Amino acid sequence: MFSFLNKDQATGEVTERQLDEQNIPAHIAIIMDGNGRWAQQRHLPRIAGHKQGMNTVKTVAKAASHLGVKVLTLYAFSTENWKRPSTEVNYLMKLPVDFFGTFVPDLVKNNIRVKVMGYTDQLPAATQKAVRDAIADTADCTGMVLNFALNYGGRAELVTATQQLAAQVQAGQLAPTDITADMLGQQLMTGDLAELADPDLLIRTSGEERLSNFMLWQVAYSEFVFMQEHWPDFDQATLEQAIYTYQQRHRRFGGLNPATDTTKN
Ligand code: FPP
């Protein structure tokens, strides 16, 4: 059991709680929202929020790894984020260079392997190199996978996967009626994560309650936890609170929970 101080989101009341070590979500995905609002509240430029958000990534990656999380997926840049002002986009593109340039030794020390999903060929050359180097430098790590969604979009991912299956059909390698959900899942950018591809827990910070085109297929049975904290304020305690909330849920995957649900004849 891990002990932690739980802060009730509605009342602010702090109580000591226990996390069940046997029920840590294997895959946690986070929509890291609120960097801009965090900065605006401090009369700072939006990019100051992103910089602080990058430091939060370091804290949360280590905390998740220590708790026994197997995959931590972070939504760092969406296929729609190019619509932002170019100064902000340019800054966001430099962040992985800064992040991996300073943090890879810590990742290796914590046995954390870097993975990136998204249309990385559209990123600036320096960003692509930082990503490639980080993946290579952590390739032998066998602990948690730190999976960055970078220039990622759920709809685009599904379109690409569909195109790949359609090409197999056109080549006569596959009949349309033989396509299964598993096959489609394998074509997605999480296909290499195999049984860990689908998040158990999806967290979104900053009070917003929407998916914003994130992992549309993979979150079919994820538990959603929405938190008020802006991403730069997120820390180990907030992560533990989210996991605690997850542990109070009863996952049924479309079936019934034999302990609580009565069956109808
Ligand atoms: C959403 O907040 C956040 C982003 C679009 C960028 C997230 C990026 C980071 C947290 C840094 C990533 C670090 C690495 C290592 C790649 P927002 O800007 O939409 O906030 P707002 O809704 O308050 O304006």
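Residues numbered from 1 in each chain as written. Predicted model: local features only at pLDDT ≥ 70, side-chain atom pairs only at ≥ 80, totals over all residues. Heavy atoms only, no water.

Taking an unreviewed UniProt entry as the reference, the protein chain is identified by name as Isoprenyl transferase belonging to Levilactobacillus parabrevis ATCC 53295. Here the protein chain is described in UniProt, under the heading Sequence similarities (unreviewed entry), as follows: "Belongs to the UPP synthase family." Per UniProt, the comment on the protein chain under Subunit (unreviewed entry) is "Homodimer." (UniProt positions renumbered as here; feature names shortened; annotations may be inferred.)

Novice: Looking at this structure, how should I read the packing of helix α3 (residues 86-109) against helix α4 (residues 125-137)?
Specialist: Packed helix pairs are characterised by how far apart their axes lie and by the angle those axes make with each other. At a minimum axis distance of 8 Å, the contact between α3 and α4 shows a crossing angle of 15°. Taken as axis vectors, α3 and α4 run roughly parallel relative to one another. Note that α3 runs across α4; the crossing there is left-handed. For the pair α3 and α4, contact is made by Met93, Pro96, Val97, Phe100, Val104 and Val108 and by Ala126, Thr127, Ala130, Val131, Ala134 and Asp137, respectively. Of the residues that constitute the contact of α3 with α4, the class distribution is 10 nonpolar, 1 polar and 1 charged. (Axes fitted to C-alpha atoms, helices over the stretch in contact; angles between N-to-C directions. Helix = DSSP H or I, 4+ residues; strand = E, 2+ residues; numbered from the N terminus. Parallel < 35°, antiparallel > 145°, perpendicular 65-115°, else oblique. Left-handed = near helix turned anticlockwise from the far one by under 90°. Contact = heavy atoms within 4.5 Å. Nonpolar A, V, L, I, M, F, W, Y, C, P; charged D, E, K, R; others polar.)

Novice: Could you clarify how one ought to interpret the site of the ligand in this entry?
Specialist: Around the ligand there are 18 residues in total, and Asp33, Gly36, Arg37, Arg46 and Arg84 lie nearest to it. Contact between the ligand and glycine 36: an oxygen atom at 3.1 Å from a main-chain N or O atom of the residue. Arginine 84 has a polar side-chain atom sitting 2.8 Å from an oxygen atom of the ligand. Computed on the free molecule, the ligand has an accessible area of 630 Å², of which 91% lies beneath the protein chains in the complex. (Near = heavy atom within 4 Å. Polar contact = N/O pair within 3.5 Å; in protein donor to acceptor, adjacent residues only side chain to side chain. Areas by Shrake-Rupley, 256 points an atom, 1.4 Å probe, with all protein chains shown as cover.)

Novice: Looking at this model, I keep getting lost on the confidence of the model for the protein chain. Mind explaining?
Specialist: Detailed reading of the predicted coordinates is not advisable wherever pLDDT falls low. Looking at the protein chain as a whole, its pLDDT mean stands at 95, while 97% of the residues score no less than 70. Per-element confidence in the protein chain ranges from a low mean pLDDT of 80 for strand β1 (residues 2-7) to a high of 99 for strand β3 (residues 27-31). (pLDDT = per-residue confidence, 0-100.)

Novice: I would appreciate a short explanation of the environment of phenylalanine 214 in the present structure.
Specialist: As for its position among the elements, phenylalanine 214 is in the loop between β7 (201-204) and β8 (223-226). The class of phenylalanine 214 is buried, set by a relative accessible area of 0%. Each C-alpha atom, one on phenylalanine 214 and one on tyrosine 152, is 7.9 Å from the other, the two residues being 62 residues apart in sequence. With sequence-adjacent residues up to four places away left out, phenylalanine 214 is seen in contact with Ala29, Ile30, Ile31, Thr73, Tyr75, Ala149, Tyr152, Leu202 and Val219. (Buried < 20%, exposed > 50% of the residue type's maximum accessible area, 1.4 Å probe, protein only.)

Novice: Help me out: how do you make sense of the pairing of strand β6 (residues 145-152) in this one?
Specialist: Working note: regular strand, side chains alternate between the two faces of the sheet. The buried count for β6 comes to 8 of 8 residues, which makes it a mostly enclosed element. Here 7 bridges tie strand β4 (residues 71-78) to β6, and the two strands are oriented parallel to one another. Considered in β6, the bridge of serine 78 is made with tyrosine 152. With 5 bridges connecting them, strand β5 (residues 113-117) and β6 associate as parallel partners. Residue pairing across strands places valine 116 opposite phenylalanine 148, the latter belonging to β6. What joins β5 to β6 is α4, and the crossover it makes is left-handed. (Pairing = 2+ DSSP bridges. Right-handed = clockwise from strand over helix to strand, strands pointing away.)

Novice: How should the sheet that holds β6 be read in this particular structure?
Specialist: Pairing between sheet strands relies on hydrogen bonds along the backbone, with the strands arranged either parallel or antiparallel. Read from one edge to the other, the open sheet built from 6 strands follows the order β5-β6-β4-β3-β7-β8, with strand pairing classed as parallel. Each edge of the sheet is formed by a strand with only one pairing partner; in this case those strands are β5 and β8. Averaged over all pairs of adjacent strands, the angle between strand axes in this sheet comes to 20°, irrespective of strand direction. Looking at chain direction, β3 and β7 are connected through 4 bridges and run parallel. From the neighbouring strand, alanine 29 faces β7, where its bridge partner is leucine 202. Helix α2 (residues 46-67) rests against β3, β4 and β6 of the sheet, and its axis sits at about 160° to β4.

Novice: Got a minute to help me understand the nonpolar core in this structure?
Specialist: As a rule of thumb, soluble globular proteins bury nonpolar side chains together. Ile28, Ile30, Leu72, Phe100, Leu146, Ile203 and Leu239 are the most contacted members of the largest nonpolar core, which totals 48 residues. In terms of residue count, the dominant contributor to this core is α3 (9 residues). Aside from chain neighbours lying at most four places away, what touches isoleucine 203 is Ile28, Ala29, Ile30, Ile31, Val225, Met227, Phe234, Leu239 and Ala242. If you look at the next biggest cluster of nonpolar residues, it comprises 12 residues, including Tyr75, Met117, Ala149 and Met189. (Core = buried A, V, L, I, M, F, W, Y, C linked by side-chain atoms within 4.5 Å.)

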